[in-house]
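This is what each chain is made of:
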Amino acid sequence: MNNAKNSCSKLLIPLLLFFLTFTTLEVKAQDLDVPYVPTPQKVVERMLDLADVNSSDYVIDLGSGDGRIVITAAKRGATGHGIDLDPQRISEARTNAVNANVADRVMFMEANIFNTDFSNASVITMYLLPTVNEKLRPELLDKLEPGTRVVSHSFDMDEWEADKEVIVNDNQGSGTHDIYFWVIPAKVEGSWSWQTDDKNFTMNVTQRFQEISANLSDSQGNSYRVEAADLRGKRINIRAVNGDVRYILSGRVEGDEIIGVQQQHTQENKSFTNWRAGKQ
């Protein structure tokens, strides 16, 4: 009888240890926002191509996994770091950086992406999930400098339409992969005013992400038909016409100012002057 009890005890102890280990791993896995699925190297290269990553860039990869995106960026001369919740992935990424001879230009942090400062990135990369992207979207738009490039593997940003979208065919058997690319737009919605010669101009801008529309008028009672209104990062371009008078406005947004150039075209002549508009 005692032998039977001893045998049961010997069987129960390993089973109990297995159960406790499995439960711990399961809870830990549930804490991770996104399951780990590596991005194929061909897709990594195309993501960095879309963002035009070079030696002047600081790349931050949100959910960096084994580190391959930041490491590949470093091979192009960039610097940067990766953020991931999984300590196993962080350890693996650090080893991969050493093996790739780029450990002096990159680092990997075990952290939650929503509790970290990524505002100084020139390029953000990610392979997350639609729900995470949607939660992250306002953080990107509010915290990143206008002109920062954002690249996502597989998943978009819902209502925020991508500036570019490409499909990569992976020859390694993983099928096709969507890549989405955005440029963080400056905040330009509101009323802007400036003076040119004897005219005071007012431009009212409405904005939805990088899509803008504008109404332009002057102090002499003229309204101008806006033929084009484009915003990309800090750069804004407006083309407006009234009769035979055409204005081309091109500048960069610096907080509550737009600094650039203004062309005026009429039947008689063309003129060029500096353009400096202030937000009212």
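What counts and what doesn't
- Residues numbered from 1 in each chain as written.
- Predicted model: local features only at pLDDT ≥ 70, side-chain atom pairs only at ≥ 80, totals over all residues.
- Heavy atoms only, no water.
- Helix = DSSP H or I, 4+ residues; strand = E, 2+ residues; numbered from the N terminus.
- Buried < 20%, exposed > 50% of the residue type's maximum accessible area, 1.4 Å probe, protein only.
- Contact = heavy atoms within 4.5 Å.
- pLDDT = per-residue confidence, 0-100.
- Pairing = 2+ DSSP bridges.
- Phe/Tyr/Trp six-rings, centres within 6.5 Å; stacked < 30°, edge-to-face > 60°.
- Axes fitted to C-alpha atoms, helices over the stretch in contact; angles between N-to-C directions.
- Patch = residues over 30% accessible without salt bridge, like charges linked within 9 Å, V, L, I, M, F, W, Y side chains within 5 Å.
- Areas by Shrake-Rupley, 256 points an atom, 1.4 Å probe, with all protein chains shown as cover.
- Salt bridge = Lys/Arg side-chain N within 4 Å of Asp/Glu carboxyl O.
- Lys, Arg positive; Asp, Glu negative; His and termini not counted.
- Charge placed at Lys NZ, Arg CZ, Asp CG, Glu CD.
- 1 Å grid on protein atoms, 1.4 Å probe; cavity = no way out; pocket = protein on both sides within 12 Å on 5 of 7 lines; lining within 4 Å.
- Points joined across faces, edges and corners; volume = space filled by probe spheres on them.
- Nonpolar A, V, L, I, M, F, W, Y, C, P; charged D, E, K, R; others polar.

Attention shifts here to the environment of Phe118. Its place among the elements puts Phe118 in the loop between strand 3 (106-110) and strand 4 (123-126). For Phe118, a relative accessible area of 2% gives the class buried. Once the C-alpha coordinates of Phe118 and His81 are considered, the two residues, 37 residues apart in sequence, prove to be 9.7 Å apart. Here Phe118 is in contact with Ile60, Leu62, Ile113, Ile124, Leu136, Glu139, Leu140 and Leu144, once residues within four sequence places are set aside.

Confidence in the prediction for the protein chain averages 90 pLDDT; 88% of positions are at 70 or higher. A low-confidence stretch, residues 7-31 (pLDDT under 50), is modelled with 2 contacts involving residues beyond four sequence positions or located in other chains.

This part takes up the pairing of strand 10 (residues 211-218). Alternating residues of strand 10 divide into Ile212, Ala214, Leu216 and Asp218, all buried, and Glu211, Ser213, Asn215 and Ser217, none buried. Judged from the 8 bridges that link them, strand 9 (residues 199-208) and strand 10 form a sheet pairing that is antiparallel. Note on strand 10: the bridge partner recorded for Asn204 is Asn215. Turn length for the strand 9-strand 10 hairpin, with the two strands adjacent in sequence and antiparallel, is 2 residues, and the turn residue Phe209 shows positive phi of about 60°. In the sheet, strand 10 pairs with strand 11 (residues 223-232) via 2 bridges, with the strands oriented antiparallel. By the bridge assignment for strand 11, Ser217 is matched with Ser223.

A word on the packing of aromatic side chains. Within the structure shown, the criterion is met by 9 aromatic pairs. An angle of 45° between the planes, with centres 6.0 Å apart, marks the rings of Phe201 and Tyr224 as tilted. Of this pair, Phe201 sits in strand 9 while Tyr224 is found in strand 11, placing the two residues 23 residues apart along the sequence. A relative accessible area of 1% means that Phe201 is categorised as buried. Owing to a relative accessible area of 7%, Tyr224 belongs among the buried residues under this scheme. Geometrically, the ring pair formed by Tyr224 and Tyr247 is edge-to-face, given 5.5 Å between the ring centres and 75° between the ring planes. Of this pair, Tyr224 sits in strand 11 while Tyr247 is found in strand 13 (residues 245-254), placing the two residues 23 residues apart along the sequence. The buried category is assigned to Tyr247, whose relative accessible area is 2%.

Turning our eyes to something else, we now look at the sheet that holds strand 13. Strand order around the closed barrel formed by 8 strands is 8-9-10-11-12-13-14-15, with antiparallel pairing between neighbours. Averaged over all neighbouring strand pairs, the angle between strand axes comes to 25°, with direction disregarded. Summarising the sheet, strand 11 and strand 12 (residues 235-242) pair through 7 bridges and their orientation is antiparallel. Counted as the bridge partner of Ala228 is Arg239 from strand 12.

What follows concerns a negative patch on the surface. Where like charges cluster on the molecular surface, the negative patch consists of Glu134, Asp156, Asp158 and Glu165. Take Asp158: its relative accessible area is 46%, and that puts it in the partly exposed class.

What follows deals with the sheet that holds strand 5 (residues 149-153). Sheet architecture is open: 7 strands sit in the order 3-2-1-4-5-7-6, paired in mixed fashion. Strands with a single pairing partner mark the edges of an open sheet, and in this sheet they are strand 3 and strand 6 (164-170). When strand polarity is set aside, the average angle formed by the axes of neighbouring strands in this sheet is 20°. Pairing between strand 4 and strand 5: 4 bridges, direction parallel. The residue of strand 5 that forms the bridge with Met126 is Ser152. Where helix 2 (residues 41-50) meets the sheet, its contacts fall on strand 4, strand 5, strand 6 and strand 7 (175-183), and the angle it forms with strand 6 comes to roughly 155°. This element, helix 3 (residues 68-75), spans strand 1 (58-62), strand 2 (79-84), strand 3 and strand 4 of the sheet and lies at about 165° to strand 3.

If you add up the space inside the largest pocket, you get close to 410 Å³. Lining the largest pocket we find 28 residues, and of these Val34, Pro35, Gly63, Asp84 and Tyr127 sit closest to its centre. Of all the secondary-structure elements, those providing two or more residues to the lining of the largest pocket are helix 3 and strand 2. Residue classes in the lining of the largest pocket are distributed as 16 nonpolar, 5 polar and 7 charged.

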